[in-house]
Amino acid sequence: MKVNVNGITMHCELEGPESAPVVTLSHSLATDLSMWDLQAAALNSGYRVLRYDTRGHGHTDAPNGPYTLEQLAEDARALLKALGIPKTHFMGISMGGMIGQILALKDPGMLRSLILCDTSSRIPEEALPIWEERIGLAQEKGMDALVEPTMERWFTASFRGEPISMLEKIRGMIRATPLKGYVGCSRAIMKLNLTERLSEIALPTLIIVGEEDQGTPVAASQAIHKQIKGSELLILKSAAHLSNIEQQKAFDTAVLDFLRRWA
């Protein structure tokens, strides 16, 4: 489905019983809505599942950047409004979790609950040169040059060695990400600084992180957990950044349990 919102055309998929509570899924940098295929399959018998391609990714428009996280959150808010969805559970991973935090701060009335996965509330200044290096590499050599270094951060070595079709699918998503979208969203992420504001969030919140996540380490999730009163923190063993894929069963079990309690 294509929807025109906030000056761009966004690609999304909406499935599941029309009368069921809505769960919105927001993907990471350099992927697309299909990174949530396994979760959508687990959710869509009991929930109305909305997945969308973020600005600059998948089949959503990739205008010239830079972008801002506030803009990405406004895209999501406008999409929900255009689809006639007044309230939703929101689950975001990595960049999607950053978008979720901004929505929870700016439009808490739209959210029933918040699930923040392998994400952060602040990019420290010392990490900015790493981001500049990745952007430079992509601009010089294309997205293909980022595929294997990214896979090494996103999955543990043992998991990468398994013959799992989703791994090739993720490689394809990284490779296919429009350069303008990657750079625009990277610039947005680099300005992330929400930690001190998170105490304003009063929504039911579940935080999930892979124990071996390098990009948004356990300490980043612990900082979010400390700030959001009443939040729950789950650390998944034998998982790196895309814990929804590497530890799918434990991830899905935790999400379904949380949603049942707050649906």
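Residues numbered from 1 in each chain as written. Predicted model: local features only at pLDDT ≥ 70, side-chain atom pairs only at ≥ 80, totals over all residues. Heavy atoms only, no water.

Visitor: Whenever I open this one, the side chain of R171 confuses me. Can you help?
Guide: Relative to the helices and strands, R171 resides in helix α7 (residues 165-176). Setting aside residues no more than four positions away along its own chain, R171 makes contact with V147, E148 and M151. (Helix = DSSP H or I, 4+ residues; strand = E, 2+ residues; numbered from the N terminus. Contact = heavy atoms within 4.5 Å.)

Visitor: Sorry if this is basic, but what is going on with the pattern of salt bridges here?
Guide: Oppositely charged side chains may form a pair once their charged atoms are brought near each other. Inspection of every chain in the model, using the stated rule, returns 14 salt bridges. Between E13 and R51 there is a salt bridge, and its shortest N-O distance comes to 3.0 Å. Of the two residues, E13 is situated in strand β2 (residues 8-15) and R51 in strand β4 (residues 48-52); the sequence distance between them amounts to 38 residues. Judged by relative accessible area, which is 4%, R51 ranks as buried. For the salt bridge of D37 with R51, the shortest nitrogen-to-oxygen distance reads 2.6 Å. One end of the pair, D37, is in helix α1 (residues 37-43); the other, R51, is in strand β4, with 14 residues separating them in the sequence. (Salt bridge = Lys/Arg side-chain N within 4 Å of Asp/Glu carboxyl O. Buried < 20%, exposed > 50% of the residue type's maximum accessible area, 1.4 Å probe, protein only.)

Visitor: Sorry if this is basic, but what is going on with the packing of aromatic side chains here?
Guide: Given two aromatic rings, one states the distance between the centres and the angle between the planes to describe the pair. Per the counting criterion, the structure on display carries one aromatic pair. Over the face of the ring belonging to Y67 we find R55, whose NZ or CZ atom lies 5.7 Å from the ring centre. Over the aromatic face of W131 sits the side chain of R134, whose NZ or CZ is 5.1 Å from the ring centroid. (Phe/Tyr/Trp six-rings, centres within 6.5 Å; stacked < 30°, edge-to-face > 60°. Lys NZ or Arg CZ within 6 Å of the ring centre and 35° of its normal.)

Visitor: What am I meant to see in helix α5 (residues 147-154) here?
Guide: Owing to its 3.6 residues per turn, the α-helix brings residues three or four apart onto one side. Along α5, the positions that sit buried rather than exposed are V147, T150, M151 and W154. For α5, the arc enclosing every buried residue in end-on projection is 100°, short of the 170-degree limit, so these residues lie on one face. Against the buried residues of α5 lie α6 (157-160), α7 and α10 (243-246). (Arc of directions from axis to C-beta.)

In short, shape yes, function no, at least from these values alone.
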